[in-house]
Amino acid sequence: MTSSQTLAPHRPLGVAAIGYAFMGKAHSHAWRTVANHFDVPAFEQKVLVGRDADAVAAAASKYGWSESATDWREVIAREDIDIVDICAPGWLHAEIAIAALAAGKHVLVEKPLANTVEEGKAMVAAAQKARVKGVRSMVGFTYRRIPALAFARQLIADGKLGTIRQARASYLQDWLADENAPMAWRLRKETAGSGALGDIASHAIDQVQYLLNDTVSEVSGRLHTFVTERAGPHGPEPVTVDDAAWATLSLSRGAVASVDVSRVALGQKNALRMEIYGTAGSLTFNLESPNELYFLDGTDPVELQGFRRILVTEPEHPYISGWWPQGHVIGWEHSFTHQVRDFLLDIANGTDPSPSFEEGLSVQNVLAAIEASSAASCATIPVVELA
Ligand code: SOE
């Protein structure tokens, strides 16, 4: 297919998704529902790709795809495919994205962009080459499209918080707290790149950069693995990624931030918490209550100051006009619907999606810097003998 056919095909855009597990299911749900809620260019859910023919066929029929396939290379070569949505594990991102972009397909890839900075750089080079021909690319930091977080960014950009001094980001889960939880691709460095760091600190770091509209310039970080061996399909296997990560960040315009993430934080299910403190106001958010944003207006008389709860369900709030009347809350999966909506509109309008691969690479650089910092020695505290 030539790039001009890709840009304006005289038929609905053909979509292929690669991967049908957790992320493939979330993305499929978005493709299946987006046109019910938003005005988007015509598209067809053409083909779902996976390695196990029977399982991917069952998933395709359940999730609304017309066909299934087991060879992604054959699928990206097809003339009727215009968009490739990569929901496969991190170790496949670079190879598939680079091949799809070279074939003139618009590419949406799950976060983090890649497993390594080198892969990320190669993906950026491929995206830049394709962009000249009008081929679009985007990385799936979906939380940018949670209405409360998109609204938080607007408030910060409008100056409602004054100058931002400090951000605190934490992302805590507990699905690995049980030491008997089995081995999975997300626990092997060669398939996942890193552990809690790439999986969930990537979201937290992206949010810090997105909300503050700034970039991280300096990093100090640590990683830790509590359960170093887990049961694999062929017996015990070493866990080669981190269970928890934490870092301090400096941003280019003078703000500072802390990030701490864990997949062993017993009792915490999917708690991405953001706190932003400025000279004129503050904001807090917790993904476990995704429709709520808390805002403190520091210009109020001090005796009236307090965090006010904004229920982000008004039609004036980002994305909400596509959903229900005010007060009728939406959830985690809707951010994927918003992502697909924005990606389709960018393709139709000929505009560059955000987060771009370059933005994905900037997060990848921060992840790598945290790893490097963790590998370096840290100051040890002398033991003080207590009397
Ligand atoms: C998807 O955006 C995602 O990052 C998953 O990949 C993580 O595993 C999840 O727990 C948070 O959401």
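Computed from a prediction, not measured in an experiment: that's the story for all the values here. All residue numbers here refer to positions counted from 1 along the written sequence of the relevant chain. This being a predicted model, a pLDDT of at least 70 is required before a residue's local features are given, and a value of 80 or more before pairs of side-chain atoms are given or counted; all residues contribute to the totals for chains, interfaces and linings.

Caption draft 1: Structural context of the domain arrangement of the protein. Delimitation of the domains relies on an automatic or database domain assignment. If you check the domain split of the protein, you get domain 1 (13-142) and domain 2 (144-376). The straight-line distance from the C-alpha centre of domain 1 to that of domain 2 is 23 Å. Once C-beta atoms are placed from the backbone, any two residues with those atoms within 7 Å are in contact. Between domain 1 and domain 2, the contact holds 39 residues from the first and 41 residues from the second. We count a stretch as a helix when DSSP gives it H or I for four or more residues in a row; a strand needs E for two or more, and each element gets its number in order from the N terminus. Those elements that provide at least two residues to the side of domain 1 that touches domain 2 are helix H2 (22-37), strand S5 (106-110), helix H6 (117-131) and strand S6 (137-140). For the side of domain 1 that touches domain 2, the element with the most residues is H2, which contributes 8 residues.

Caption draft 2: Representation of the nonpolar core. Buried Ala, Val, Leu, Ile, Met, Phe, Trp, Tyr and Cys residues form a nonpolar core when they are connected through C-beta atoms within 7 Å. Here the C-beta atoms are placed from the backbone, and a residue counts as buried if at least 20 other C-beta atoms lie within 10 Å of its own, exposed if 12 or fewer do, and partly exposed otherwise. Ranked by internal contacts, the top residues of the largest apolar core, which has 109 residues, are Ala201 and Val259. If you count residues domain by domain, this core takes at least three from each of domain 1 (13-142) and domain 2 (144-376). Dropping the residues within four chain positions of it, Val259 is found in contact with Ala169, Ala201, Ala204, Ile205, Val208, Trp246, Ala247 and Leu249.

Caption draft 3: Seen up close, the site of the ligand. For each residue, a C-beta atom is placed from the backbone, and the residue counts as near a molecule or strand when that atom lies within 6 Å of it. Around the ligand, a shell composed of Met23, Lys111, Thr142, Asp199, Ile200 and His203 is seen. Looking at the shell around the ligand element by element, the count peaks at 3 residues for helix H9 (residues 196-212). Charged means Asp, Glu, Lys or Arg here, nonpolar means Ala, Val, Leu, Ile, Met, Phe, Trp, Tyr, Cys or Pro, and polar covers whatever is left, Gly included. Along the lines of polarity and charge, the residues of the shell around the ligand split into 2 nonpolar, 2 polar and 2 charged. Of the residues that make up the shell around the ligand, three or more belong to each of domain 1 (13-142) and domain 2 (144-376).

Caption draft 4: Main features of the UniProt feature "domain: Gfo/Idh/MocA-like oxidoreductase N-terminal" (unreviewed entry) in the protein. Mapped onto the present numbering, the UniProt feature "domain: Gfo/Idh/MocA-like oxidoreductase N-terminal" (unreviewed entry) falls on residues 14-132. Across residues 14-132, the secondary structure splits into 48% helix and 20% strand, with the terminal C-alpha atoms separated by 21 Å. UniProt positions are given in the numbering used here, feature names are shortened, and annotations may be inferred rather than shown by experiment.

Caption draft 5: Expanded view of helix H3 (residues 53-63). Those residues of H3 not exposed but buried are Val56, Ala59 and Ala60. Projected onto a plane normal to the axis of H3, the buried residues spread over an arc of 105° and lie on a single side. Looking at H3, the residues exposed on the side facing more than 90 degrees away from the buried face are Asp54 and Lys62. Against the buried residues of H3 lie strand S2 (43-49) and strand S3 (67-69). Among the residues trailing H3, Gly64 stands out with phi positive, at a value near 90°. For this quantity, the arc is that covered by the directions from the helix axis to the C-beta atoms.

Caption draft 6: A look at the sheet that holds strand S4 (residues 83-86). With parallel pairing, the 6 strands of this open sheet are ordered in space as S3-S2-S1-S4-S5-S6. Both edges of this open sheet fall to S3 and S6, since each of them pairs with a single strand only. Each neighbouring strand pair of the sheet contributes to a mean axis angle of 20°, computed without reference to strand direction. When DSSP locates at least two bridges between a pair of strands, those strands are taken to pair. Sheet topology note: the S5/S6 ladder contains 4 bridges and is parallel. The residue of S6 that forms the bridge with Val107 is Ser137. Lying over the sheet, H3 contacts S2 and S3, oriented at roughly 160° with respect to S2. Axis geometry follows a simple rule: fit a line to the C-alpha atoms, using only the stretch in contact for helices, then measure angles between N-to-C directions, giving values from 0 to 180 degrees.

Caption draft 7: Expanded view of the packing of H2 against helix H10 (residues 334-349). At a closest axis distance of 8 Å, the pairing of H2 and H10 adopts a crossing angle of 65°. Our classification of the angle between H2 and H10 gives roughly perpendicular. As H2 packs across H10, the resulting crossing turns out to be right-handed. Of the residues in H10, those in contact with Ala26, His27, His29, Ala30, Trp31, Thr33, Val34 and His37 of H2 are Phe336, Thr337, Gln339, Val340 and Arg341. Class assignment for the residues of the contact of H2 with H10 results in 6 nonpolar, 6 polar and 1 charged. When describing relative orientation, an angle under 35 degrees is termed roughly parallel and one over 145 degrees roughly antiparallel, while 65 to 115 degrees is termed roughly perpendicular and anything else oblique. If you view the pair so one helix is near and one far, a crossing is left-handed when the near helix is turned anticlockwise from the far one by less than a right angle, and right-handed when it is turned clockwise.

Caption draft 8: Representation of the UniProt feature "domain: GFO/IDH/MocA-like oxidoreductase" (unreviewed entry) in the protein in the model. If you check UniProt for "domain: GFO/IDH/MocA-like oxidoreductase" (unreviewed entry), the listed places come out as residues 152-283 in our numbering. Between the C-alpha atoms that bound residues 152-283 the distance is 7 Å, and the span itself is 20% helix and 39% strand.

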